[in-house]
Amino acid sequence: MNIGQQSKEQLMEKLKHAFAYAMKRQSFSKVQIVKNAKNVCVFGLGRYFEEAFLKQDVRNRFGVRYLCDNNIERLRTLEGDPRYKGLSFLTPKELCRLEDVAVIFMLGNPNSAVRQFSSVWGGVNCIAYNDLVLDEVMGAQTSQEWFAAQQERMEQAFLLMEDDLSRTVYVNVFCNRVAPQFADYTYEDLCVQPQYFPHDVITLTEEECFVDCGAYDGDTFAAFTKIRNKFARYWGFEMDAHNYSRLREHVKKSGYTQAECFPYGVWKETTDLSYGRMSSADSYSIFNTRELSRTHAVALDDFLADEKITMIKMDIEGAEMNALAGAEGILKKQAPKLAVCVYHKQEDLFAIIQYIHSFDTEQHSYKYSLRHHSDQITETVLYAVPKEDT
């Protein structure tokens, strides 16, 4: 990642400008941008569109009036489909003539299409469908009063960042989300690997006792064991039955007898919960009310009460703050390394670091770093490393 460094003062000034713009335009809420637009158009009529548009009732949920695609033949084919009766079909040129428009991109990777239209209406009005669903499912705040009250917290979180790179990532992630014209770097520019174990932040040892919350199909376990093939313990938690089956098979085949996995969610208390499918086929959230299933969820303080814990990773679709609350005892007593996703909810970017920081004492305190690990809005991770480990 070739990122030039700006001073802390310059970055703070940019953060304030972006905040003021987002406040004025209400661009902190993707749902509100779509709601405020006179014309709403879906761009991208391929496989993703076929899978989601009708099944997820995108037309009525977001007031869609127009459909558009670069493939004119595809436009004409769908135009004769009775399932889309009442919708207007536009070529890209016709779409560019519309005023007061919000464009929802239903594409696996919308980046090139967003660039195609951003110069016409500005990046704020060009919204990836996944980003929009994320805001909707997570119950993103839409009130200007709420957003105005977050400015001090947002600036305080910025000041907790340990290094210039983390502050640069923080400001540019925020800008890309609410005011892209203020961003110096796109998500693609900011993207680094490996996720959860960046070499300049996280050091793993042979004594690692790693808790993997949102273990999916074993992808993080594979990355962990590739970096550190000798470790003390591994616990993987995955609440979806299909994903858990793949995780269990992966762990079993690895041959690591010190690795265990469990078909549970992670929450602030031990209880049973409902969860629903997100916009992608294998992603699920406790906050989604569509296509519901049931799961057992545990508080880490309950489930791992007597265990030594050296690192916790969380990517659990917006439940990170609640799961951290359920691990308060572990955080206070053991101060493990943390890798926590902070992109699911707008406030997670600043609220999660402040929550963790509230447990700092003279005996245990953290250094905070931020890295971004994808070419889209997803996979921004906060790293908290005990100062005595650095």
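Refer to the structure presented above.
Everything in this summary refers to the structure shown in the same document. (Residues numbered from 1 in each chain as written. Predicted model: local features only at pLDDT ≥ 70, side-chain atom pairs only at ≥ 80, totals over all residues. Heavy atoms only, no water.)

**With respect to the sheet that holds strand S8 (residues 259–262)**
Sheet architecture is open: seven strands sit in the order S8-S7-S6-S13-S14-S16-S15, paired in mixed fashion. Looking at which strands have only one partner, the edges of the open sheet turn out to be S8 and strand S15 (366–372). Strand-to-strand, the axes of this sheet are offset by a mean angle of 10°, without reference to chain direction. In terms of strand pairing, strand S13 (residues 311–314) meets strand S14 (residues 337–341) through four bridges, oriented parallel. (Pairing = 2+ DSSP bridges. Helix = DSSP H or I, 4+ residues; strand = E, 2+ residues; numbered from the N terminus. Axes fitted to C-alpha atoms, helices over the stretch in contact; angles between N-to-C directions.)

**Here we look at the environment of Glu-136**
With respect to the helices and strands, the residue Glu-136 is situated in helix H8 (residues 129–137). Taking the C-alpha atoms as reference, Glu-136 lies 8.2 Å from Lys-30; in sequence the two are 106 residues apart.

**A short note on the packing of helix H10 (residues 151–160) against helix H11 (residues 164–178)**
One way to put it is that H10 packs onto H11 with a least axis distance of 9 Å and a crossing angle of 150°. Classed by the angle they form, the pair H10 and H11 counts as roughly antiparallel. Seen along the crossing, H10 lies across H11 with a hand that is right-handed. Counting all contacts with H10, which are made through Met-154, Ala-157 and Phe-158, the residues of H11 involved are Arg-167, Tyr-170, Val-171 and Phe-174. In terms of residue class, the contact of H10 with H11 is built from six nonpolar, no polar and one charged. (Parallel < 35°, antiparallel > 145°, perpendicular 65-115°, else oblique. Left-handed = near helix turned anticlockwise from the far one by under 90°. Contact = heavy atoms within 4.5 Å. Nonpolar A, V, L, I, M, F, W, Y, C, P; charged D, E, K, R; others polar.)

**With respect to the packing of H10 against helix H18 (residues 348–357)**
Across the interface, H10 lies against H18 with an axial gap of 9 Å and an inter-helix angle of 65°. The handedness of the crossing between H10 and H18 is left-handed. Residues Arg-153, Met-154, Gln-156, Ala-157 and Leu-160 of H10 form the contact with H18, whose own contacting residues are Phe-350, Ala-351, Ile-353, Gln-354 and His-357.

**A few points about the packing of aromatic side chains**
According to the stated counting rule, one finds 29 aromatic pairs in the structure shown. Ring geometry for Phe-237 and Phe-303: centres 5.5 Å apart, planes at 80°, overall edge-to-face. In this pair, Phe-237 sits in strand S7 (residues 233–237) while Phe-303 sits in helix H15 (residues 300–303), placing the two residues 66 residues apart along the sequence. Judged by its relative accessible area of 32%, Phe-303 falls in the partly exposed class. Pairwise contacts between aromatic rings join Phe-197, Phe-210, Phe-221, Phe-224, Phe-231, Tyr-234 and Tyr-256 into one cluster. (Phe/Tyr/Trp six-rings, centres within 6.5 Å; stacked < 30°, edge-to-face > 60°. Buried < 20%, exposed > 50% of the residue type's maximum accessible area, 1.4 Å probe, protein only.)

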